[in-house]
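Spelled out from the first residue to the last, the chains are:
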Amino acid sequence: MSNSLLKYASITQKISMSLLGLFLASFLLVHLTINLMLMLPDGGESFRAAAEFMGTNPFIMVFEYVLFAAFFVHIVLGIILWMQNNQARPVAYAKANVSETSFFSKYMIHTGVIIMLFLFLHFVHFYFAKIGLVDASATYMFEGHEHPDFYTMAIELLKQPLYAVIYILSFLALGFHLNHAIQSGFQSLGLEHSKYTPAIKSISTIFALIVAVGFSIIPVFFLIQG
Amino acid sequence: MDLTLKIWRQANTKAKGKMVDYKVTGVSPDSSFFEMLDVLNQSIIEEGGDPVAFDHDCREGICGTCSLYINGRPHGPDSGITTCQLHMRKFKSGDTIYIEPWRAKAFPIIKDLIVNRGAYDEIIQAGGYISVNTGGVPDANAIPIPKVDSDTAMDAASCIGCGACVATCKNASAMLFVAAKVSQFAHLPQGKIEAKRRVQNMVATMDELGFGNCSNTYACEQECPKEISVSHIAKMNREFFAAKLCADVKDI
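The structure displayed is predicted, hence computed values, not measured ones.

A short note on the overall build of chain A
Then, number 1: From N to C terminus, chain A includes seven helices and two strands.
Then, number 2: Element order for chain A, N to C, with α for helix and β for strand: α-α-α-α-β-β-α-α-α.
Then, number 3: The C-alpha extent of chain A, read off along each of the three principal axes, is 60 × 40 × 40 Å.
Then, number 4: The 226 residues of chain A split such that 40% are buried.
Then, number 5: Long-range pairs, those at least 24 residues apart, make up 77% of the contacts in chain A between residues at least 6 apart in sequence.
Then, number 6: Counting every atom, chain A has about 12,300 Å² of accessible surface; 73% of that belongs to carbon and sulfur.
Then, number 7: Of the side chains in chain A, 10 bear a positive and 11 a negative charge, and the two mean positions are spaced by 24 Å.

What about the overall build of chain B?
Then, number 1: The number of helices and strands found in chain B is nine helices and seven strands.
Then, number 2: With respect to the principal axes defined by its C-alpha atoms, chain B has extents near 65 × 40 × 35 Å.
Then, number 3: Considering chain B as a whole, with its 252 residues, one finds that 54% of them fall into the buried category.
Then, number 4: A total accessible area of about 11,200 Å² is found for chain B, and carbon and sulfur atoms account for 51% of it.
Then, number 5: Averaged over its 27 positive side-chain charges, chain B has a centre that lies 6 Å from the centre of its 30 negative ones.

Thoughts on the domain arrangement of chain B
All names here are of chain B.
Then, number 1: Domain annotation of chain B identifies domain 1 (3-100) and domain 2 (118-251).
Then, number 2: Each side of the interface is counted separately: domain 1 has 13 residues, and domain 2 has twelve residues.
Then, number 3: Carbon and sulfur atoms make up 52% of the area that domain 1 and domain 2 hide from each other, which totals about 870 Å².
Then, number 4: The largest contributions to the domain 1 side of the interface with domain 2 come from Gly64, Pro74 and Gly80, which together make up 43% of the buried area.
Then, number 5: One can count one salt bridge joining domain 1 with domain 2.
Then, number 6: Across the pair glutamate 223 and arginine 73 runs a salt bridge whose closest N-O atoms are separated by 2.8 Å.

Some thoughts on the pattern of salt bridges
Then, number 1: Tallying each qualifying case throughout the model produces 14 salt bridges over all chains.
Then, number 2: Among the ionic pairs, aspartate 149 of chain A bridges to arginine 48 of chain A, the shortest N-O distance being 2.8 Å. Of this pair, aspartate 149 of chain A sits in the loop between β2 (145-148) and α5 (150-158) while arginine 48 of chain A sits in helix α2 (residues 45-56), placing them 101 residues apart in sequence.
Then, number 3: Residue classification places aspartate 149 of chain A among the buried residues on the basis of a relative accessible area of 4%.
Then, number 4: Linking aspartate 112 of chain B and arginine 9 of chain B is a salt bridge whose minimum nitrogen-to-oxygen distance equals 3.1 Å. A residue pair is termed long-range when its members are at least 10 positions apart, and aspartate 112 of chain B in the loop between β6 (109-111) and β7 (114-115) and arginine 9 of chain B in strand β1 (residues 3-9) qualify at 103 residues. Neither aspartate 112 of chain B nor arginine 9 of chain B differs from the other in exposure class; each is buried.
Then, number 5: Taken together, the shared-partner salt bridges connect Arg9, Asp50, Lys111 and Asp112 of chain B into one network.

A short note on the pairing of β2 of chain A
Residues and elements named next belong to chain A.
Then, number 1: Relative to β2, strand β1 (residues 139-142) runs antiparallel, the two sharing four bridges. Bridged to tyrosine 140 within β2 is histidine 147.
Then, number 2: As consecutive antiparallel partners, β1 and β2 are separated by two residues, and within that stretch glutamate 143 has a phi angle of approximately 50°, a positive value.

A short note on the nonpolar core
Then, number 1: Core analysis: the largest hydrophobic core is formed by 76 residues, its most contacted members being Leu5, Phe33, Leu37 and Phe211 of chain B.
Then, number 2: Broken down by element, the residue count for this core peaks at seven residues, all from helix α5 (residues 175-186) of chain B.
Then, number 3: Excluding its chain neighbours within four sequence positions, the residues that come into contact with phenylalanine 211 of chain B are Ala88 of chain A together with Ala106, Phe107, Ala119, Tyr120, Ile123, Val166, Ala172, Ser173, Ala174 and Met206 of chain B.
Then, number 4: In terms of nonpolar packing, the next biggest core, distinct from the first, is built from 31 residues, Phe118, Phe126, Ala154 and Phe215 of chain A among them.

As for the packing of α2 of chain A against helix α3 (residues 58-87) of chain A
Residues and elements named next belong to chain A.
Then, number 1: The interhelical angle for the contact between α2 and α3, taken along N-to-C directions, is 70°, at an axis separation of 5 Å. Between α2 and α3, the interaxial angle falls into the category roughly perpendicular. In this structure, α2 contributes Phe53, Met54, Gly55 and Thr56 to the contact, and α3 contributes Pro58, Ile60 and Met61.
Then, number 2: Per-class residue counts for the contact of α2 with α3 are five nonpolar, two polar and no charged.

Details of the packing of aromatic side chains
Then, number 1: Overall, the coordinates contain 25 aromatic pairs over all chains when judged by the stated rule.
Then, number 2: Between the aromatic rings of phenylalanine 103 of chain A and tyrosine 107 of chain A, the centroid separation amounts to 5.1 Å while the plane-to-plane angle is 45°, which identifies the pairing as tilted.
Then, number 3: We classify tyrosine 107 of chain A as partly exposed; its relative accessible area is 34%.
Then, number 4: Taken together through their ring pairs, the aromatic side chains of Tyr65, Phe68, Phe123, Tyr127 and Phe128 of chain A make up a single cluster.
Then, number 5: The ring of tryptophan 8 of chain B carries arginine 103 of chain B above its face, with NZ or CZ at 4.1 Å from the centroid.

Some remarks on the interface of chain A and chain B
Then, number 1: Contacts between chain A and chain B engage 42 residues on the former and 52 residues on the latter.
Then, number 2: Summed over both partners, the interface of chain A with chain B comes to about 3,800 Å²; 53% of that surface belongs to carbon and sulfur atoms.
Then, number 3: Seen at the junction of chain A and chain B, the total is zero salt bridges.
Then, number 4: Breaking the side of chain A that touches chain B down by element, the ones donating at least two residues are α1 (10-36), α3 and α6 (161-188) of chain A.
Then, number 5: In terms of residue count, α1 of chain A provides more of the side of chain A that touches chain B than any other element does, six residues in total.
Then, number 6: A breakdown of the residues in the side of chain A that touches chain B according to their chemical character gives 15 nonpolar, 20 polar and seven charged.

Side note on the environment of glutamate 221 of chain B
Residue and element names in this part refer to chain B.
Then, number 1: Among the secondary structure elements, glutamate 221 is positioned in helix α8 (residues 219-223).
Then, number 2: Relative accessible area serves as the criterion here: at 26%, glutamate 221 is assigned to the partly exposed category.
Then, number 3: Separated by ten residues in sequence, glutamate 221 and phenylalanine 211 have C-alpha atoms that sit 17 Å apart.
Then, number 4: In contact with glutamate 221, not counting residues within four places along its chain, are Leu176, Glu227, Ile228, Ser229 and Val230.
Then, number 5: A polar contact of 3.0 Å, which involves the side chain of glutamate 221, links it to the backbone nitrogen of valine 230.

Calculation notes
- In this numbering scheme, every chain counts its residues from 1 along its sequence in written order.
- Think of it this way: whatever chain is written first is A, whatever ligand is written first is 1, and the rest follow in order.
- Since the coordinates come from a predicted model, pLDDT governs what is reported: local features require at least 70, and pairs of side-chain atoms require 80 or more to be given and counted, while whole-chain, interface and lining totals use all residues.
- Only hydrogens and water are set aside when side-chain values are computed; all heavy atoms of the structure are taken into account.
- By the criteria applied, helices consist of DSSP H or I runs no shorter than four residues and strands consist of E runs no shorter than two, each listed in order from the N terminus.
- In this scheme, a residue with accessible area under 20% of its type's maximum is buried, one over 50% is exposed, and one in between is partly exposed, where area comes from a 1.4 Å probe on protein chains only.
- What makes two residues a contact is simply this: any of their non-hydrogen atoms within 4.5 Å.
- Here the accessible surface of atoms and residues is derived via Shrake-Rupley with a 1.4 Å probe, and residues count as covered only by protein chains that are part of the display.
- As used throughout, the charge tally considers Lys and Arg to be positive and Asp and Glu to be negative, leaving His and the chain termini uncounted.
- Lys charges are placed at NZ, Arg charges at CZ, Asp charges at CG and Glu charges at CD.
- Throughout, the edges of the domains are those of an automatic or database domain assignment.
- For any pair of parts, buried area is found by adding up, for both, the accessible area (1.4 Å probe) each one loses once the two are put together.
- Think of a salt bridge as a Lys or Arg side-chain nitrogen and an Asp or Glu carboxyl oxygen that are within 4 Å of each other.
- Two strands pair if DSSP finds at least two bridges between them.
- Nonpolar core, defined: a set of buried Ala, Val, Leu, Ile, Met, Phe, Trp, Tyr and Cys residues in which side-chain atoms within 4.5 Å join the residues together.
- For helices, the fitted axis covers only the stretch in contact; all axes are lines through C-alpha atoms, and the angles between them, taken along N-to-C directions, range from 0 to 180 degrees.
- Here the word oblique covers every angle except those under 35 degrees (roughly parallel), over 145 (roughly antiparallel) and from 65 to 115 (roughly perpendicular).
- Under the scheme applied here, ten amino acids are nonpolar (Ala, Val, Leu, Ile, Met, Phe, Trp, Tyr, Cys and Pro), four are charged (Asp, Glu, Lys and Arg), and all others, including Gly, are polar.
- Two aromatic rings from Phe, Tyr or Trp, using only the six-membered ring of Trp, form a pair when their centres are within 6.5 Å; if the ring planes differ by under 30 degrees the pair is stacked, by over 60 it is edge-to-face, and anything between is tilted.
- We call a charge positioned above a ring when the Lys NZ or Arg CZ atom is no farther than 6 Å from the ring centre and deviates by at most 35 degrees from the ring normal.
- As used in this structure description, the phrase polar contact means that two N or O atoms lie within 3.5 Å; if the pair is within protein, one of them must be able to donate a hydrogen and the other to accept it, and residues adjacent in sequence are counted only when both atoms belong to side chains.

So, in structure tokens, the structure goes:
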């Protein structure tokens with residue numbers, strides 16, 4: 001039957017994208033808070049403690065797999081939607097569309113791909129070292145065991161100008177992505193209100209700025225510090 | 001006004017089309033866009049050629065028949081109007097004007113600038129109606145409806161089904177059209193009886209016909225000649241979500 005729950009309708013896909021996206025966005029604030037600890041003048045004590053907590057807390061460890069699944073489904077669904085959308089207009093217009101729309105809403109797949117590539121790089125540098133797939137470039141002793149020293153590893157990477165540029169550009173793309181994504185997520189969930197929707201749009205932009213600027217100042221800080 | 005027109009010419013659905021250049025001279029700025037095309041067609045006919053086929057009917061902006069994509073915008077450079085309400089004073093002498101048909105997999109070209117919008121009819125057939133028993137006409141005030149609901153339903157019902165939302169959407173999505181039709185009934189007590197079945201069937205049909213997904217770019221709202229709000233899309237999303245989660249077995 002065409003309208004059964006099993007049929008994955010366009011709106012179901014959009015609602016799924018929204019729920020997963022908003023969940024991923026909320027995680028960004030946690031990650032940003034931990035990353036900002038890199039700049040604390042305590043020799044990495046706070047950052048290592050936070051990284052240790054994230055790596056050993058049973059709830060967080062389970063949550064980690066939920067997070068990976070959310071990333072995976074959000075990315076795959078995004079690609080499926082993009083492919084479906086391309087098929088919906090097989091012949092392009094000779095004169096490109098000039099309708100007034102939010103600029104970044106048209107480039108979600110492009111900013112999404114940049115974020116995905118950065119995510120892969122991030123995995124190679126940190127997660128693969130955490131699970132022992134690659135050797136950690138720095139280690140430290142904690143409770144009698146050798147642990148990857150994510151503090152030293154992060155600073156070593158962020159001090160490299162090329163990596164810093166890639167890092168900042170990736171978070172710029174993430175900012176552009178979030179600027180449209182947050183308010184779009186609310187719209188897809190049907191959470192639209194004549195009074196609150198303009199506020200949600202402003203919050204969307206503020207959130208995107210906090211994430212993009214918050215992450216980007218870290219490499220700038222270490223580059224200036226030398 | 002002297003103009004260069006670049007018009008999509010395509011003999012039939014299966015034929016290969018192309019943009020063809022035409023020159024029109026002495027066009028009055030007070031003439032309508034269609035009158036300018038009428039003049040062009042007259043000259044083509046006099047030269048023994050095949051006139052440019054384009055859709056038009058009422059020429060009063062209410063029937064939703066006209067469907068030209070002009071210089072990158074459905075219904076041309078003005079907002080809140082259909083192509084038939086567009087006047088040549090919106091252009092300058094010497095301009096080059098691109099005139100194309102709506103582009104969407106679900107709207108195949110019949111000839112030149114005419115597309116088959118039968119897909120919209122199929123969506124309406126899937127649920128864009130209310131079932132009413134025959135009999136005596138009920139009293140107009142027998143069913144109380146809040147003013148705000150009747151106004152919102154009327155706003156949604158002003159959709160003329162022209163297809164500009166699909167034409168301008170980067171994904172060729174029909175969400176604004178379907179949302180307007182779902183929302184106009186969902187706001188009224190008469191529409192609530194079949195609401196859950198309606199939204200699921202209409203969305204399913206929209207998907208089956210090959211329209212794209214909504215990316216919330218809101219270009220549809222910008223180009224809708226009746227200025228229908230995207231808040232109706234949010235309303236449809238709510239209706240759909242509720243129907244999927246809470247519908248009785250007989251509703252799905």
